[in-house]
Amino acid sequence: MKMVFKSKIKWIALLVLILSTGSLVIHLSITKFSTSSLVFYAPKKDSDLDFPHLSEKQSVRYFRNKKLWGTVKSLESLQPYANPRSSYPVPHEKNNGYIYAKIFGGFEKIRSSICDLVTISRLLNATLVIPEIQESLRSKGISNKFKSFSYLYDEDQFIASLKKDVIIVKSLPENLKAARKRNEFPTFKPKSTASPNFYMKEILPKLKKAKVIGLVLADGGCLQSDLPPSMYEFQRLRCRVAFHALQFREEIQVLGHQMVERLRAWGQPFLAFHPGLMRDTLAYHGCAELFQDIHTELVQYRRAQMIKRGILNEELNVDSHLHRENGSCPLMPEEVGLLLRAIGYPPKTTIYVAGSETFGGQRVLIPLRTLFANVVDRTSVCRKQDLFDLVGPETLLPVDSFQLPPPKSEKQLKEEWKRAGPRPRPLPPPPERPIYRYEKEGWYGWITETESEADPSPMDFRRQAHRLLWDALDYIVSVEADAFFPGFNNDGSGWPDFSSLVMGQRLYESAASRTYRPDRKVLAKFFNITRDNMYYPKHNWTHSVREHLNKSLGEDGLIRQSLLSKPSSFLSHPLPECSCRISSARFQTPVEGIDGRYLYGGEDECPEWMQHGQEAVPSESMETERDKNDDNESEYENDVVQQESDDSGGKSSLILSMDRDDEWDPND
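Residues numbered from 1 in each chain as written. Predicted model: local features only at pLDDT ≥ 70, side-chain atom pairs only at ≥ 80, totals over all residues. Heavy atoms only, no water.

1. Side note on the overall build of the protein chain
And step 1. Secondary structure assignment for the protein chain yields 24 helices and 17 strands.
And step 2. Burial analysis of the protein chain (668 residues in total) assigns 49% to the buried set.
And step 3. For the protein chain, the accessible area works out to roughly 35000 Å², and carbon and sulfur atoms hold 54% of it. (Helix = DSSP H or I, 4+ residues; strand = E, 2+ residues; numbered from the N terminus. Buried < 20%, exposed > 50% of the residue type's maximum accessible area, 1.4 Å probe, protein only. Areas by Shrake-Rupley, 256 points an atom, 1.4 Å probe, with all protein chains shown as cover.)

2. Structural notes on a nonpolar patch on the surface
And step 1. A surface patch of nonpolar side chains, amounting to about 460 Å² of accessible area, comprises Trp11, Leu14, Leu17 and Ile18.
And step 2. Within the element layout of this structure, Ile18 appears in helix α1 (residues 2-34).
And step 3. Taking the relative accessible area as the measure of exposure, Ile18 reaches 52% and is therefore exposed. (Patch = residues over 30% accessible without salt bridge, like charges linked within 9 Å, V, L, I, M, F, W, Y side chains within 5 Å. Salt bridge = Lys/Arg side-chain N within 4 Å of Asp/Glu carboxyl O.)

3. Describing the pairing of strand β11 (residues 483-486)
And step 1. Residues of β11 alternate between two faces, with Ala483 and Phe485 on one and Phe484 and Pro486 on the opposite face, all of them buried.
And step 2. With 4 bridges joining them, strand β8 (residues 270-274) and β11 adopt parallel strand pairing. Considered in β11, the bridge of Phe273 is made with Phe485.
And step 3. Alignment of β11 against strand β12 (residues 514-515), held across 2 bridges, turns out to be parallel. Bridge assignment links Ala483 to a residue of β12, and that residue is Arg514.
And step 4. Since β11 and β12 lie parallel, the crossover through helix α19 (residues 498-509) that links them has a hand, and here it is right-handed. (Pairing = 2+ DSSP bridges. Right-handed = clockwise from strand over helix to strand, strands pointing away.)

4. Considerations on the environment of Tyr301
And step 1. Within the element layout of this structure, Tyr301 appears in helix α10 (residues 294-309).
And step 2. Its relative accessible area of 18% is what places Tyr301 among the buried residues.
And step 3. Measuring from C-alpha to C-alpha, the distance between Tyr301 and Leu316 comes to 9.2 Å, with 15 residues separating the pair along the chain.

5. Quick notes on helix α5 (residues 174-181)
Given 3.6 residues per helical turn, the α-helix brings residues three or four places apart onto the same face.
And step 1. Regarding α5, the residues found buried are Leu176, Ala179 and Arg180. The arc that holds every buried residue of α5, seen down its axis, measures 100°, which confines them to one face. Away from its buried face by more than 90 degrees, α5 exposes Glu174 and Lys181.
And step 2. Residues of α5 that are buried make contact with β2 (98-103), β4 (132-133) and β7 (212-217). (Arc of directions from axis to C-beta. Contact = heavy atoms within 4.5 Å.)

6. Some points on helix α21 (residues 539-551)
And step 1. Between its first and last C-alpha atoms α21 spans 18 Å; for 13 residues at 1.5 Å apiece the expected length is 18 Å, and the two agree.
And step 2. Looking only at α21, the buried set comprises Trp541, Thr542, Val545, His548 and Leu549. All buried residues of α21 project into a common sector of 135° when viewed along the axis, lining one side. Exposed positions of α21 whose direction lies more than 90 degrees from the buried face are His539 and Asn540.
And step 3. Turning to α21, the residues buried within the fold contact α12 (333-343), β11 and α20 (520-529). (Expected span 1.5 Å × (residues − 1).)

7. A closer look at the confidence of the model for the protein chain
When pLDDT is low, close inspection of the predicted coordinates is not appropriate.
And step 1. Taken as a whole, the protein chain shows an average pLDDT of 81; of its residues, 79% reach a score of 70 or greater.
And step 2. In this model residues 615-668 is a low-confidence stretch, pLDDT under 50, and it forms 105 contacts with partners more than four residues away in sequence or in other chains. (pLDDT = per-residue confidence, 0-100.)

8. Brief notes about the sheet that holds strand β9 (residues 350-353)
And step 1. Overall, parallel pairing links the 5 strands, which are arranged β10-β9-β8-β11-β12 in an open sheet. Edge positions in the sheet fall to β10 (374-376) and β12, since each of these pairs with one other strand and no more.
And step 2. Two elements, β9 and β10, share 3 bridges in a ladder whose sense is parallel. The partner of Ile351 across the bridge, within β10, is Val375.

9. Some words on the pattern of salt bridges
And step 1. Across all of its chains, the model carries 23 salt bridges by this definition.
And step 2. Between Arg303 and Glu314 there is a salt bridge, and its shortest N-O distance comes to 2.9 Å. In this pair, Arg303 is assigned in helix α10 and Glu314 in the loop between α10 and α11 (320-325), connecting sequence segments 11 residues apart.
And step 3. If you follow the salt bridges from partner to partner, you end up with Arg85, Glu233, Arg236 and Asp604 in one network.

10. Observations regarding the packing of aromatic side chains
And step 1. Applying the stated rule across the entire model yields 16 aromatic pairs.
And step 2. Taking the centre distance of 5.3 Å and the plane angle of 70° together, the rings of Phe198 and Tyr199 count as edge-to-face. Across the pair, Tyr199 and Phe198 agree in class, each one buried.
And step 3. The rings of Phe107, Phe149, Tyr153, Phe158, Phe248, Tyr475 and Phe498 are connected pair by pair, giving a single aromatic cluster. (Phe/Tyr/Trp six-rings, centres within 6.5 Å; stacked < 30°, edge-to-face > 60°.)

11. Observations concerning the environment of Gly70
And step 1. Considering the arrangement of structural elements, one finds Gly70 in the loop between α2 (66-69) and β1 (78-80).
And step 2. Remark: the alpha-carbon pair of Gly70 and Asp482, spanning 412 residues in sequence, is separated by 8.7 Å.
And step 3. Among residues more than four places away in sequence, those in contact with Gly70 are Asn65 and Arg514.

As structure tokens, then:
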């Protein structure tokens, strides 16, 4: 009996072994013949990016949830109208002389400075020479295909659009070019707050005498933002320059609008967000402690440079968290993501991150990408070849003669460690490990090895020029976006900023479009309430945030924008000078400030030719149908400077009227 039991166990064990072997053979066979169907994940190549053809854009249809994407009804009566209102003579060729200019700075300063230059030329009755943009000179490594101004803007369009306002030429006459090279003409460096009186008393006599003057603009402008009512025609000229004459060159416009169509072809509206995280801005406002480690050192170094040059009259070390509570620091991407979720934007919302520079890199965008799956930027909706074609053919830069610095002794390293201060910099890598090239190049290398930042390399200059193009693309997308949220605007520095310019153009072209104008000081108080529980806030907190942001879309936001932004940048709030109201529209009493200036309202009544076709109000059936669509949309519920200045949503078709020669007669 015992032998029989052992025999059965052996047979059972043999059977299990056979079954195990068979199972292993079957699994190996399945693996062998199914590998061809496995998907290997790898970064997408340009050829793999699936962009719909522009011819298909008319077939894209989606419903909007009006609570998230709808227009602001109280602003629907505002229409763009920058045409002259009174007698406006055409400029005569026999004028007071020529004005040439050099413009320093990035995209925002360039755009604002050009508008002021045209206005000053009209004020002084002078001929304007196409200004030189210093960031895009050929000496900066850009393609020989372009000149300075034409690298970014369309010269011919610029000249033709302003022929009834100012005479503009591409260069000085030949008999004056040599004199300019010899610095025979007076050159001025006016401040962005220079008054019209300064130009009439100080500049005009010298212009009449020399027939040519030069201006050097480095502050983002050369004329004060606020002008008295008697000079409103000059404000409207600013609008005609910024919103009509100053068009990007054709290649930029084509690609920018392709990006917009590609975003909308994904089947839903999209929101544009500009973080405003730039090193200069963070340094100026003392926001270094918002970052960690080496990024704080970089911001502090730039802040020390500003103090040394007299740009900033403050202490080097300040409390960044206190500045944030005062609204002086940008909103972090994580905070913006939480605010958008509080408003009700679902996780699938497409968010386009604008801006050629986001200090901190992709790391600071990780929380935003966690909250919203469809966070995209320029590289997401453009092929590399698209960007190469935009830049144009460029010459190869000289080979970088990189050499490792001489090794430091142990004694030198200890002395540097003792002098490092309360926040010691990290010591160099240990000598037994090989030193890689990237550890000694760029900002990472100099901040760990030396006390001063290295001079920009030829590649750095070229990249700065490229950033102008990237900002131009992002500007187009941001203006055309279904909604826009600024991470930082109204910063009080007196310099124009990207978000404010976008908000100003959206306000001009389509005032009712969804543009948020948040008060960062108020939002800082909200976040302090729920700082320890930001991802699971209470219902009252969410309701308060939503109420504040929704109010910022309308009258409250415009009044605050007029108080804080317009005094330093007219283009950020071109009301009431450059707009009009439909007469039949309901409108509350205008709001005036202490100085009698209109903060809200005060626009002229639109002319009769604009009233036609604008008074139609949606019928009840149309409103009902839209409400049904909203209810059914479950996805969207929720030169040598000789003198200084004195020390004192969809776009309306009406915009096209500015380009028609028969709309207004300057001789009337």
